[in-house]
Amino acid sequence: MNIRRFIPLFDDSVSQWALEARLLRWLTFMWLFFGLVMLFSASYPVADDRHGDGLYYFKRQLLWVIASLIIFNIIVNLPIKKILGISHWFLIFFLMLIFVTLIPGLGKKAFDAARWIALGPIPVQPSELIKPFLVLQSARLFGQWDKLTWRVRITWLVIFGLVLLGILAQPNLSTTSLCGMTIWLIALAAGLPYKYLGGTAIGGFLLALLSISIKEYQRRRVMSFMNPWADAQGDGYQLVQSLLAVGSGKTWGVGFGLSQQKLFYLPIQDTDFIFAVFAEEFGFAGGIILLSILLIFATLGLIVALKTKHPINRLVAIGVTIVMVGQSFLHIGVATGALPTTGLPLPMFSYGGNSMIASLVSAALLIRVARESSEAEVVPLRRTTPDNKRNYRVFEQKK
């Protein structure tokens, strides 16, 4: 085994990858680099105030990045078939952890939501970690829908429903909505009948409406989103401060590290509203660059999905693209007042080890699909001879 293949930036097999895989790899690293730079700026004041060390959150994030990149490199060098073979165990494991967060005394609360489990000094957020495995299992289910019995179909649909209900009960409406939309869009891409998709969409909408009706704070958020200035010191405070940050950036921004809103005006500036700090410091121009990265990532994801011949791999590529780009747009929409205030992190920007692991695992899955889709095109064109079979086995071992 070549250990260098599992160390980020030292994988000498990258030059043999498909073009889309290499572009996605470097785009992911660029996205990650900008995210770390932004986190350094956004978290410095609050880290200095809380811990007496302005680099406290940044240094912890670097440790998570190192661990996540090792997992990233392992995944890009593993056949997607092997990953799919164990994805259901991870999904069930994180589903159990989601319900553990609901047990008083075990779930760690923040902003009246029990979303974490404390394993010593390490907080585990199963609703974040389950995202890539939800994509994998959804692709696995809907990619072979016609070959499965109704018993298997219903079993996994119930499991997906439990995932959504468990996250919603924390409560975490934004993550529930993202996961629900991801499953639904993967099913749509798989070509499931519209009567199933339509009924599911209506059911999901009614469930979200019920949650907003029951949870007063969610209802207040929706109302304040419509006119945050009506209660600028109350329910509309977060959005008002975010809009002030975004507006202050103007065209070119106030400059790196010079945001005023991050100086204890903008709440949770290193996680849920980190884009607002980014927009203030880098302005409209910086926002366009970030949106360009997201659009290029989405385009490459679509190209990979169109090139691959395997239906499950295609759905994995579509699902990962939805999670990464969709969550980013939702975060930006919240920060700019286009969507109601929710608690979604910006992938590879926001502080948090769980979000970082989920983001890099998702990106690695897309890169792995890109590698296999290209290799599948080239290999079958060879004439089947004993010598070629031996060369093919050697090629497989090098992948």
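Everything that follows concerns the structure shown earlier in this document.
Residues numbered from 1 in each chain as written. Predicted model: local features only at pLDDT ≥ 70, side-chain atom pairs only at ≥ 80, totals over all residues. Heavy atoms only, no water.

Peer 1: I'd love a proper account of the overall build of the chain, names of residues and values included.
Peer 2: Counting its secondary structure elements, the chain contains 14 helices and 3 strands. Out of the 399 residues belonging to the chain, those deemed buried represent 48%. Residue pairs at least 24 apart in sequence account for 72% of intrachain contacts in the chain once pairs closer than 6 positions are excluded. Within the structure as shown, the chain displays about 19,200 Å² of accessible surface, and the carbon and sulfur contribution to it stands at 68%. (Helix = DSSP H or I, 4+ residues; strand = E, 2+ residues; numbered from the N terminus. Buried < 20%, exposed > 50% of the residue type's maximum accessible area, 1.4 Å probe, protein only. Contact = heavy atoms within 4.5 Å. Areas by Shrake-Rupley, 256 points an atom, 1.4 Å probe, with all protein chains shown as cover.)

Peer 1: Requested: an account of the side chain of Ser68, with residues and values cited.
Peer 2: Looking at the element boundaries, Ser68 is found in helix H2 (residues 56–76). Those residues in contact with Ser68, other than ones at most four positions away along the chain, are Met356, Ile357 and Leu360.

Peer 1: I'd like to hear about helix H6 (residues 150–168), residue by residue, with values.
Peer 2: Owing to its 3.6 residues per turn, the α-helix aligns residues three or four sequence positions apart on the same side. The end-to-end C-alpha distance of H6, which contains 19 residues, comes to 26 Å, matching closely the 27 Å that a straight helix rising 1.5 Å per residue would cover. Those residues of H6 that sit buried are Arg153, Trp156, Ile159, Phe160, Val163, Leu164, Gly166, Ile167 and Leu168. Residues of H6 that are buried in the fold lie against helix H3 (80–100), helix H4 (126–129), helix H5 (131–143), helix H7 (173–190) and helix H8 (194–214). (Expected span 1.5 Å × (residues − 1).)

Peer 1: Explain a nonpolar patch on the surface residue by residue, including any values.
Peer 2: Where nonpolar side chains cluster on the molecular surface, the patch consists of Phe99, Leu102, Trp150, Ile154, Leu157, Val158, Leu162, Leu165, Tyr196, Leu207, Leu210 and Ile214 and spans about 1,000 Å² of accessible area. Every element with two or more residues in the nonpolar patch is listed here: H6 and H8. No other element matches H6, which puts 6 residues into the nonpolar patch. Here Val158 lies in helix H6. (Patch = residues over 30% accessible without salt bridge, like charges linked within 9 Å, V, L, I, M, F, W, Y side chains within 5 Å. Salt bridge = Lys/Arg side-chain N within 4 Å of Asp/Glu carboxyl O.)

Peer 1: Got a sec to walk through the nonpolar core? Specific residues and values, please.
Peer 2: Counting 95 residues, the largest nonpolar core has Leu91, Phe142, Val316 and Leu365 as the members making the most contacts within it. Here this core takes 13 residues from helix H11 (residues 274–307), the largest share from any one element. Beyond its immediate sequence surroundings of up to four residues, Phe142 is in contact with Leu157, Phe160, Ile183, Ile186, Ala187, Ala190, Leu192 and Leu315. (Core = buried A, V, L, I, M, F, W, Y, C linked by side-chain atoms within 4.5 Å.)

Peer 1: Outline the environment of Val240, listing residues and values.
Peer 2: Along the chain, Val240 turns up in helix H10 (residues 237–249). For Val240 and Pro228, which are 12 residues apart along the polypeptide, the C-alpha to C-alpha distance reads 6.2 Å. Those residues in contact with Val240 that sit more than four places away from it in its chain are Pro228, Trp229 and Ala232.

Peer 1: Lay out H11 with the relevant residues and their values.
Peer 2: Helix length check: H11, at 34 residues, gives a terminal C-alpha distance of 35 Å against a target of 50 Å (1.5 Å per residue), a shortfall beyond 12%. Maximal helix bending in H11 amounts to about 120 degrees, located at Gly283. (Bend = angle between axes of the 7 residues up to and from the residue.)

Peer 1: Please set out the pattern of salt bridges residue by residue, giving values where relevant.
Peer 2: Applying the stated rule across the entire model yields 5 salt bridges. Taking the shortest distance from any N to any O, the salt bridge between Glu281 and Lys262 comes out at 3.2 Å. Here Glu281 is found in helix H11, whereas its partner Lys262 is found in the loop between H10 and H11, with 19 residues between them in sequence. Using a relative accessible area of 1% as the deciding quantity, one classes Glu281 as buried. Residue classification places Lys262 among the buried residues on the basis of a relative accessible area of 4%. When the shortest N-O distance is used, the salt bridge between Glu372 and Arg368 registers 2.9 Å. Residue Glu372 and its partner Arg368 are both found in helix H13 (residues 353–378); the two are separated by 4 residues, about one turn of the helix. We note that Glu372, like Arg368, is buried.

Peer 1: Could you give an account of the packing of aromatic side chains, with specific residues and numbers?
Peer 2: The tally for this structure, following the rule as stated, stands at 21 aromatic pairs. Relative to Tyr44, the ring of Phe40 has its centre 6.0 Å away and its plane inclined at 65 degrees; by these criteria the two rings are edge-to-face. Here Phe40 and its partner Tyr44 are both found in helix H1 (residues 19–51), 4 residues apart, which amounts to about one turn of the helix. According to the relative accessible area criterion, Tyr44 is partly exposed, its value standing at 38%. When the ring of Phe90 is compared with that of Phe133, the centres are 4.7 Å apart and the planes differ by 5 degrees; the resulting orientation is stacked. Of this pair, Phe90 sits in helix H3 while Phe133 sits in helix H5, and the two are 43 residues apart along the sequence. Of the aromatic side chains, those joined through ring pairs into one cluster are Phe40, Tyr44, Phe58, Phe256, Phe275, Phe278, Phe282 and Phe349. Across the ring face of Trp26, the terminal group of Arg25 is positioned such that the distance to the ring centre comes to 5.2 Å. Seen from the ring of Trp150, Arg153 lies directly overhead, with NZ or CZ sitting 4.6 Å from the centre. (Phe/Tyr/Trp six-rings, centres within 6.5 Å; stacked < 30°, edge-to-face > 60°. Lys NZ or Arg CZ within 6 Å of the ring centre and 35° of its normal.)

Peer 1: Requested: an account of the side chain of Thr321, with residues and values cited.
Peer 2: By the secondary structure assignment, Thr321 is in helix H12 (residues 311–335). Here Thr321 is in contact with Ala298, Gly301, Gly326 and Leu366, once residues within four sequence places are set aside.

Peer 1: Got a sec to walk through unusual backbone geometry? Specific residues and values, please.
Peer 2: Cis peptide bonds are those with omega within 30 degrees of zero, and the linkage from Gln170 to Pro171 qualifies with 0 degrees. Tracing the chain through its elements places Pro171 in the loop between H6 and H7. The phi dihedral of Phe264 is positive, around 70 degrees, even though this residue is not glycine. Summarising the element assignment, Phe264 is placed in the loop between H10 and H11. The residue Met348 is not glycine, and still its phi comes out positive at about 65 degrees. With respect to the helices and strands, the residue Met348 is situated in the loop between H12 and H13. On the accessibility criterion, Met348 (1% relative accessible area) is buried.

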